[in-house]
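The residues making up each chain are set out below.
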Amino acid sequence: MKTITLLIAMILTTATAGAQTLPQAPEFLKKGDKVVIMSPASTPVKAKVDGAAQTLRDWGFKVEVSKMTLNRHHMYAGHPDARTEEFLKYLRDPEVKAIISSRGGYGSSQLLARITPDTLAKYPKWIVGYSDISALHSAQLCAGNMSLHACMAAALCNGTDDQINLYLKNALMGHLPTYSVPGHKYNQSGTASGILMGGNLAVLSKIAGSKDFDCLDRDNLEGKDIILFLEDVGESFERVNAMLDQLYIKGVMKHVKGVIIGRFTDYKPRWDYKDMNDMIHDTFTDMGLDVPVCYDFPVSHDESWNYPMIEGHPVTLAVDKDGVTLSFVCD
C-alpha cells in the first residue's frame, strides 16, 4: 500500500491541471513512523497536547512532544530564535515524518524571517496545522512542497474515532479524500480544477508581498490555476472586505478557477449584512467573479467543522445549489 500511494503521489506531482508544475508530496506516513508535536506559534493547554499525543500513539505512530511545546514568551511559545531552532531541528531529522503544530495563535511568520525556501525544499515534510500555521503552509508551497491544513491538539484530543481526526490520519497515510457537503443558497454552480491553496485570510494578508513565502504572490502564481479556500476568526466585515479586495488588486483572482469559503466565526453582523457570507457574496458579485464558489465548507476555527486540506494538491471542485464535492484526484 505504501508503494502504491507513493507512486500515486509521484504521478500526481508530475501530472498537471493544465500543464502546471505541482508541489511535491512529502513522504506519506505508515505505522511506526515518528511524528513530533511542537509549538511554532503560541502556547497550548497541556491537557490538549497530552490528549493529542495519545491519539497519535493509538494510531500507531511514535510520538515526541517537544520540550519547548509549553514554553511561554509574551504571546508566543518561546523567543522566535528558539522556536525557529526547534522547528529546523525536527525539519532536518530524517526520522521525523510529520510536524504537528500544537496550536495556532501568533508568531509563525516570525520563523519565516529565520529560514530559507531552500531549507524547506531540501527537507520536504508534512507540516500540520491551521490558523496562524497558514504562514508555514504558504512557505511550504513557495518551496515546492505540499502541506496539510488540518486540526491540531485541541481537536486531536477528541480521540481516534472522531471523524475529522480520521480524515487527518488518512491524509497523513496517503489515502486521498473526496469530500461531499451540503449546498448553500449563495453557491455559484460549476466545476473547476486547479491547485488547492489558501488558509487563514488574515495570516495570508500579513505575509503578502513576500516572493519567498507568499504563495499568492503574482510571480508565484504565474502559469497556475488555483482553487482558493479561505477562513478566519474574529475579523470585522470591513477587514474581510479589505483583504478580499487586496487579493483582487494584486491579481490573485485572475488565477482562481474556484473558491471555497469556510466559516468565518466570532464577528458582529453590521452594515445591513446578516452574516459574513452575505458580505463575501456581495463582494464577489462586485468583482464579477465568474467561477464556481461554495460557502460554509468544513474549514474553519470550529474544531468540529475543519476538514484536512492538502495544500498544493490538484483538486476538482464541483458546486451546485444542492451540494459540493471536492476531490483530491483530478480527472
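Above this text you will find the structure in question.
Fair warning: this is a prediction, and the values are worked out from it, not measured in the lab. (Residues numbered from 1 in each chain as written. Predicted model: local features only at pLDDT ≥ 70, side-chain atom pairs only at ≥ 80, totals over all residues. Heavy atoms only, no water.)

Digging into the nonpolar core
- The biggest cluster of nonpolar side chains holds 47 residues, and the ones touching the most others in it are Trp126, Leu148, Ile260, Phe297, Met309 and Leu326.
- By size, the runner-up hydrophobic cluster in this structure holds 34 residues, among which are Ile195, Met197, Leu247 and Ile261. (Core = buried A, V, L, I, M, F, W, Y, C linked by side-chain atoms within 4.5 Å. Buried < 20%, exposed > 50% of the residue type's maximum accessible area, 1.4 Å probe, protein only.)

A closer look at the sheet that holds strand β2 (residues 62–65)
- Judged by pairing direction, the sheet is mixed, and its six strands sit side by side in the order β2-β1-β3-β4-β5-β11 without closing on themselves. Taken across any chain shown, the strands that pair with only one partner, and hence form the sheet edges, are β2 and β11 (309–311). Taking each pair of neighbouring strands and ignoring which way they run, the sheet shows an average axis angle of 25°.
- Examined bridge by bridge, strand β4 (residues 126–129) and strand β5 (residues 147–149) share two bridges and lie parallel to one another. Following the sheet pairing, Gly129 is matched in β5 by His149.
- Contacts between helix α3 (residues 80–92) and the sheet are confined to β1 (34–38), β2, β3 (96–101) and β4, with β1 contributing the most and set at about 170° to the helix. (Pairing = 2+ DSSP bridges. Helix = DSSP H or I, 4+ residues; strand = E, 2+ residues; numbered from the N terminus. Axes fitted to C-alpha atoms, helices over the stretch in contact; angles between N-to-C directions. Contact = heavy atoms within 4.5 Å.)

With respect to the sheet that holds strand β13 (residues 323–327)
- Pairing is mixed in the open sheet, where seven strands are placed in the order β6-β13-β12-β7-β8-β9-β10. Each edge of the open sheet is held by one strand with a lone partner, namely β6 (178–182) and β10 (293–294).
- Bridge count between β6 and β13: five bridges; the pairing is antiparallel. Residue Val181 lies in a different strand from β13, and its bridge partner there is Val324.
- Against the sheet, helix α12 (residues 276–287) engages β9 (256–265) and β10, with an angle of about 155° to β9.

Some details on the layout of surface pockets
- Empty space within the largest pocket amounts to approximately 430 Å³.
- What lines the largest pocket is a set of 24 residues, and nearest its centre among them are Arg103, Gly104, Gly105, Ser131 and His301.
- Listed by contribution, the elements that provide at least two residues to the lining of the largest pocket are α7 (153–156), α9 (201–206) and β8 (226–233).
- Among the elements that line the lining of the largest pocket, the one with the most residues is α9, at three residues.
- A per-class count over the lining of the largest pocket returns ten nonpolar, seven polar and seven charged. (1 Å grid on protein atoms, 1.4 Å probe; cavity = no way out; pocket = protein on both sides within 12 Å on 5 of 7 lines; lining within 4 Å. Points joined across faces, edges and corners; volume = space filled by probe spheres on them. Nonpolar A, V, L, I, M, F, W, Y, C, P; charged D, E, K, R; others polar.)

Observations regarding unusual backbone geometry
- Its identity is not glycine, yet Asp266 carries a phi of approximately 55°, on the positive side.
- With respect to the secondary-structure elements, Asp266 resides in the loop between β9 and α12.
- Residue classification places Asp266 among the exposed residues on the basis of a relative accessible area of 61%.
- Positioned with a positive phi, Asp296 is a non-glycine residue whose angle comes to about 60°.
- Of note, Asp296 is situated in the loop between β10 and β11.
- Exposure remark for Asp296: the relative accessible area of 25% places this residue in the partly exposed category.

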